[in-house]
Each structure stands twice: as structure tokens, then as C-alpha cells.
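# Working through the structure, step by step
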Amino acid sequence: MDPLVASLKVAASGLEAQSTRIRIVSENLANARSTGDTPGADPFRRKTVTFTSELDRLSGSSTVEVSRLGFDEGEFTTEYDPGNPAADEKGYVKMPNVNVLVEMADMREANRSYEANLQSIKQSRDLISATIDLLRASQ
Amino acid sequence: MQPIQLFELASKQAEWLATRQSVVAGNIANANTPGFKAKDVTPFQSVLETTSARMAATHPGHFTETEMASRVITTKPTEEIGVQESGNTVGLADELMKEGQVKRDFELNAGLVKAFHRMMLMTVRR
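What counts and how
Residues numbered from 1 in each chain as written. Chains lettered and ligands numbered in written order. Predicted model: local features only at pLDDT ≥ 70, side-chain atom pairs only at ≥ 80, totals over all residues. Heavy atoms only, no water. Helix = DSSP H or I, 4+ residues; strand = E, 2+ residues; numbered from the N terminus. Buried < 20%, exposed > 50% of the residue type's maximum accessible area, 1.4 Å probe, protein only. Contact = heavy atoms within 4.5 Å. Salt bridge = Lys/Arg side-chain N within 4 Å of Asp/Glu carboxyl O. Buried area = accessible area lost by both parts, 1.4 Å probe. Polar contact = N/O pair within 3.5 Å; in protein donor to acceptor, adjacent residues only side chain to side chain. Axes fitted to C-alpha atoms, helices over the stretch in contact; angles between N-to-C directions. Parallel < 35°, antiparallel > 145°, perpendicular 65-115°, else oblique. Left-handed = near helix turned anticlockwise from the far one by under 90°. Nonpolar A, V, L, I, M, F, W, Y, C, P; charged D, E, K, R; others polar. Pairing = 2+ DSSP bridges. pLDDT = per-residue confidence, 0-100.

Our focus in this paragraph is the overall build of chain B. Per the secondary structure count, chain B includes three helices and two strands. The N-to-C order of helical and strand elements in chain B reads α-β-α-β-α. Burial analysis of chain B (126 residues in total) assigns 34% to the buried set. Across chain B, the fraction of contacts at a sequence separation of at least 24, relative to all contacts at a separation of at least 6, is 71%.

Residues and elements named next belong to chain A. For the structure on display, the rule yields 16 salt bridges over all chains. Of the charged contacts in the structure, one is a salt bridge between Lys94 and Asp42, with a shortest N-O distance of 2.9 Å. In this pair, Lys94 is assigned in strand β4 (residues 92-95) and Asp42 in the loop between α1 (3-30) and β1 (47-56), connecting sequence segments 52 residues apart. Two residues, Arg46 and Asp72, come together in a salt bridge whose shortest N-O distance is 2.9 Å. With Arg46 in the loop between α1 and β1 and Asp72 in the loop between β2 (61-71) and β3 (77-80), this pair connects stretches of sequence that are 26 residues apart. With a relative accessible area of 14%, Arg46 lands in the buried category. For Asp72, a relative accessible area of 22% translates into the label partly exposed.

To continue, consider the interface of chain A and chain B. If you look at the interface, chain A gives 30 residues, while chain B gives 25 residues. Contact between chain A and chain B buries roughly 2500 Å² in total, counting both sides, with carbon and sulfur atoms accounting for 62%. The tally of links between chain A and chain B comes to one salt bridge. For Asp126 of chain A, the salt bridge is made with Lys103 of chain B, and the minimal N-O distance between the two is 2.7 Å. Run the count over chain A and chain B and you get ten residue pairs in polar contact (both at pLDDT 80 or more). Those elements giving two or more residues to the side of chain A that touches chain B turn out to be α1, β1, β2 and α2 (100-133) of chain A.

Attention now goes to the packing of α1 of chain A against α2 of chain A. Residues and elements named next belong to chain A. Following both chains from N to C, one finds α1 and α2 inclined at 160 degrees, their axes separated by 9 Å at the closest point. One element, α1, and the other, α2, form an angle in the roughly antiparallel class. Along this stretch, α1 crosses α2, giving a crossing that reads as left-handed. Here the contact of α1 with α2 is composed, by residue class, of 17 nonpolar, ten polar and four charged.

Turning our eyes to something else, we now look at the pairing of β1 of chain A. All names here are of chain A. Taken together, the ten bridges between β1 and β2 define a ladder with antiparallel strand orientation. Within the sheet, the bridge partner assigned to Thr52 lies in β2 and is Glu65. Turn length for the β1-β2 hairpin, with the two strands adjacent in sequence and antiparallel, is four residues, and the turn residue Gly60 shows positive phi of about 75 degrees.

Caution applies to low-pLDDT regions: their predicted coordinates should not be interpreted in detail. Overall, the predicted model of chain B reaches an average pLDDT of 84, with 88% of residues at or above 70. In the predicted assembly, ipTM is 0.84 and pTM is 0.84.

Here's what the structure looks like:
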């Protein structure tokens with residue numbers, strides 16, 4: 001396989017992995033205040049993404065895949081809110097273990113990586129067209 | 001008449017640059033993969049000076065890697081980036097810089113081939 005075509009494939013796998021990450025971040029952000037609906041019930045648990053490098057046997061280059069969608073086993077915080085349907089007998093509600101700041105930082109990082117992958121796709125495309133331009137009749 | 005070696009040299013360099021581009025793309029794609037070690041291709045100079053040993057293909061079904069693919073090495077982590085908490089050694093800025101280098105060299109290479117080709121046509125025409 002042509003290395004330039006292989007690099008397009010690799011960068012596309014990076015785009016897919018980073019967009020999965022952005023999807024998980026937005027799920028976490030959307031559910032940052034999702035509590036349970038019965039007294040003492042567990043709220044939304046923060047999701048995590050892990051990447052792994054995979055060898056593309058056809059081209060010998062290393063693509064990236066999402067290896068596992070896991071859950072953050074961190075402690076839930078509690079808030080005093082006796083009116084909430086998920087409040088226990090003392091009036092405390094368990095809130096999701098989502099830290100909005102951490103999610104924002106994660107989103108920014110995913111964003112940067114996505115842009116870097118886009119940059120390599122553009123570059124590979126430019127190199128391929130520079131090669132094709134050799135065939136164009138000069139003058 | 002002397003054999004014309006420029007095309008051979010240029011295509012070898014183009015192959016090296018294309019391989020380097022795919023390695024750099026792999027590094028960028030794996031910038032957030034835990035435990036991933038950044039890779040690079042050995043300098044073009046050393047590719048020219050040495051020939052690497054390759055596995056023999058004795059059957060049409062055998063896959064052989066190209067000469068350049070056997071030149072891919074794991075790079076040492078640089079001073080300023082080092083090894084991250086996750087065991088990753090890719091520095092995005094570094095990789096983007098390498099991409100710029102590859103692009104410049106590739107365009108120079110293509111331009112030279114084009115110029116040389118034009119010269120050859122000049123002798124053939126009219």
C-alpha cells in the first residue's frame with residue numbers, strides 16, 4: 001500500500017477516535033446534574049474513553065482505535081436537597097462524579113488532536129497532488 | 001552515454017518522504033494513546049549509504065515489507081517533551097514541524113523532477 005494513502009487511513013482513524021472522545025465528553029457534560037429518581041439511588045456515572053494503537057497489517061502503520069468505554073469509579077458528591085425525589089432520609093442527594101472543568105479540558109485536548117489529524121490529511125492530500133502534477137503536461 | 005541517476009535518486013527520496021509522512025501521521029493519530037512510543041524513519045543519508053537486509057519472498061503469497069518500512073525506528077523521547085504520565089512520548093508540536101519539513105522536501109523533490117523532465121523533453125522536441 002502506498003505510504004501516502006496509508007497515512008490518510010491512519011489520520012482518518014485518529015479523527016474517528018477523537019470524535020468518539022468528544023461524544024463521551026458531551027454525554028458527561030449533558031448529564032452533569034442527572035440524579036437518580038428513587039430515594040438514595042445512584043446518579044449518572046462519568047464515562048471514560050481509552051485508546052489503543054493497532055497495527056494495520058496491510059500497510060504496516062499504526063492506526064488508533066477506541067479500546068474501551070469505561071466508567072469512572074470515583075466517589076459521588078452529595079448535596080442537601082430534601083425536595084429532590086432521589087433524596088435519602090436525611091435529605092442528601094448523590095450528584096454525578098462529573099467535574100465540568102475536567103470535561104472542558106478534555107474537550108479542548110480532543111479538539112487539538114482532531115485538528116492535528118485534519119492537518120495530516122490535508123498534507124497527505126497535497127503531497128499526492130504534487131506527485132500527480134508531475135504527469136500534467138508542462139506548458 | 002552515462003546513465004541518468006537523478007530519477008532513481010528522486011524516487012527513492014520521494015518514497016522515503018512518503019514513508020516518513022505516514023509514520024508522522026501515525027504518531028499524530030496516537031498522540032493520546034497510553035503507552036505509545038513515537039516513531040520516525042532513519043535519516044535519508046543512512047538509507048542511501050546502507051542497504052538493509054530483507055526477508056526473501058519464496059512464494060507469491062508472501063508479504064514483504066518495502067525497504068523503507070524496515071527503516072522505521074522508535075525515537076528517543078526528547079528533553080522538553082519526555083515521557084508523559086500515560087507512557088506516551090509523542091509531542092504534537094514536534095510532529096507538526098516534521099510534517100512541514102516533509103512537505104517542503106517533497107515539493108522541492110517534485111519540482112526538481114519536473115525541471116529535469118522538461119530538460120529531457122527540450123532535447124527531444126523539434
